[in-house]
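# Descriptive structure summary
One-letter residues, chain by chain:
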Amino acid sequence: MKKAIILAMLSLTTIGFAQDKKINLGIKAGLNYGDNGEIEFSDVTNAGENIATEDADDRVGYHIGAYIRANITDNIYLKPEFLYTQNNSSYETSFGRSNYKVKRIDAPILAGITVLGPLHVFAGPSLQYIVDTDLEDIDLEDVENEFTVGLQFGAGIQLGRLNADIRYERGLSENQAEGIQENTGATIRVDSRPNQFILSLGLDF
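The structure reproduced in this document is the subject of the present report. It should be emphasised that the depicted structure is a prediction, and the values quoted were computed from it without experimental measurement. (Residues numbered from 1 in each chain as written. Predicted model: local features only at pLDDT ≥ 70, side-chain atom pairs only at ≥ 80, totals over all residues. Heavy atoms only, no water.)

Within the chain, the regular secondary structure consists of one helix and 13 strands. If you list the helices and strands of the chain from N to C, you get α-β-β-β-β-β-β-β-β-β-β-β-β-β. Of all 205 residues assigned to the chain, the portion counted as buried reaches 42%. The contacts in the chain between residues at least 6 apart in sequence include a share of 65% that link residues at least 24 apart. Working note: accessible area of the chain is about 10,800 Å², and carbon and sulfur atoms make up 58% of it. (Helix = DSSP H or I, 4+ residues; strand = E, 2+ residues; numbered from the N terminus. Buried < 20%, exposed > 50% of the residue type's maximum accessible area, 1.4 Å probe, protein only. Contact = heavy atoms within 4.5 Å. Areas by Shrake-Rupley, 256 points an atom, 1.4 Å probe, with all protein chains shown as cover.)

A full pass over the atoms with the stated rule returns four aromatic pairs. Across from the ring centre of Tyr-67, 4.5 Å away, lies the NZ or CZ of Lys-79, which sits over that ring. (Phe/Tyr/Trp six-rings, centres within 6.5 Å; stacked < 30°, edge-to-face > 60°. Lys NZ or Arg CZ within 6 Å of the ring centre and 35° of its normal.)

Taken together, the side chains of Ile-23, Leu-25, Ile-27, Ile-157, Leu-159, Leu-162, Leu-203 and Phe-205 present a nonpolar region at the surface, about 720 Å² in accessible area. When contributions to the nonpolar patch are tallied by element, the ones reaching two or more residues are β1 (23-35) and β9 (147-159). For Phe-205, the location among the structural elements is in the segment after β13 (195-204). (Patch = residues over 30% accessible without salt bridge, like charges linked within 9 Å, V, L, I, M, F, W, Y side chains within 5 Å. Salt bridge = Lys/Arg side-chain N within 4 Å of Asp/Glu carboxyl O.)

Of the strand pairs in this sheet, strand β6 (residues 96-116) and strand β7 (residues 119-135) are connected by 14 bridges, and their pairing is antiparallel. Bridge pairing in β7 links Ala-107 to Leu-127. What sits between the antiparallel neighbours β6 and β7 is a turn of two residues, in which Gly-117 has the positive phi angle 55°. (Pairing = 2+ DSSP bridges.)

Applying the stated criterion across every chain, the model contains nine salt bridges. Residues Glu-169 and Arg-104 are paired through a salt bridge, measuring 3.4 Å at the closest nitrogen-oxygen approach. Remark: Arg-104 occurs in strand β6 and Glu-169 occurs in strand β10 (residues 162-171); sequence separation between them is 65 residues. An identical accessibility class is assigned to Glu-169 and Arg-104; each is buried. Here Arg-167 ties to Asp-165 by a salt bridge, and the two come within 3.1 Å at their closest N and O atoms. Judged on exposure class, the residue Arg-167 and its partner Asp-165 are both buried. Among the ionic contacts, a cluster of salt bridges with common partners joins Lys-28, Lys-79, Glu-81, Asp-165 and Arg-167.

With that settled, consider the side chain of Asp-191. Structurally, the position occupied by Asp-191 is in strand β12 (residues 187-191). On the basis of relative accessible area, Asp-191 is assigned to the buried category, the value being 3%. A distance of 2.7 Å separates polar atoms of two side chains, one belonging to Asp-191 and the other to Arg-193. Among all residues touching Asp-191, those that are not within four sequence positions of it are Asn-36, Gly-37, Glu-38, Tyr-91, Tyr-100, Glu-174, Asn-175 and Gln-176. (Polar contact = N/O pair within 3.5 Å; in protein donor to acceptor, adjacent residues only side chain to side chain.)

Here we come to the nonpolar core. If you look at the biggest cluster of nonpolar residues, it comprises 14 residues, and the most contacted ones within it are Ile-39, Tyr-91, Tyr-100, Leu-135, Leu-140 and Val-190. For this core, the secondary structure elements donating two or more residues are β2 (39-43), β6, β7 and β12. (Core = buried A, V, L, I, M, F, W, Y, C linked by side-chain atoms within 4.5 Å.)

Another point: the environment of Tyr-67. Position of Tyr-67 among the secondary structure elements: in strand β4 (residues 57-71). A relative accessible area of 3% means that Tyr-67 is categorised as buried. When the C-alpha atoms of Tyr-67 and Leu-83 are compared, they prove to be 8.4 Å apart, with 16 residues separating the residues in sequence. Beyond its immediate stretch of four places on either side in the chain, Tyr-67 contacts Asn-24, Leu-25, Gly-26, Ile-27, Lys-28, Lys-79, Pro-80, Glu-81, Asn-163, Gly-202, Leu-203 and Asp-204. Within the structure, Tyr-67 has its side chain in polar contact with the side chain of Asn-163 (distance 2.9 Å).

Next up, the structure:
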């Protein structure tokens, strides 16, 4: 509940700061392409010795949500967003292939500037609340930190009410979920921070 209140206060503060300026509301959706962090296997019978580490393979995910764009000047804007996101990645190990899903509520708070005609660039922090993690055939516990912070930056284009952008997102700190591989008894830790490119289409109301 405290985390939800913090997100709401940040959004309200942004709206209040820009209350005398033009504000646009909109909806957006798109695709994510990237992965999460490494997967690690540890042997619990040998003092937790690490026996394997594998990088994730990139997979396509998706996002959907809404945004507020507050024009501070003719060329500078603030854009808080509120999104439901699913990140997908996959791991190929000696134990087989496992697909990993991370479901999140994201709240990027972006500052942007128009650089040429309809073209603009932007950057800012992304507040992330992890709703669920699911590693195929593995019973995972909750991640270390449900509430995390990432960084986004990118470029976009605004054509009337329609907008599109591409951005890069990276989680700022490792955030592992842990489980047990039933067949071997090995402890599995998988990093849940995003490392991805995001393509979005949006429509102003």
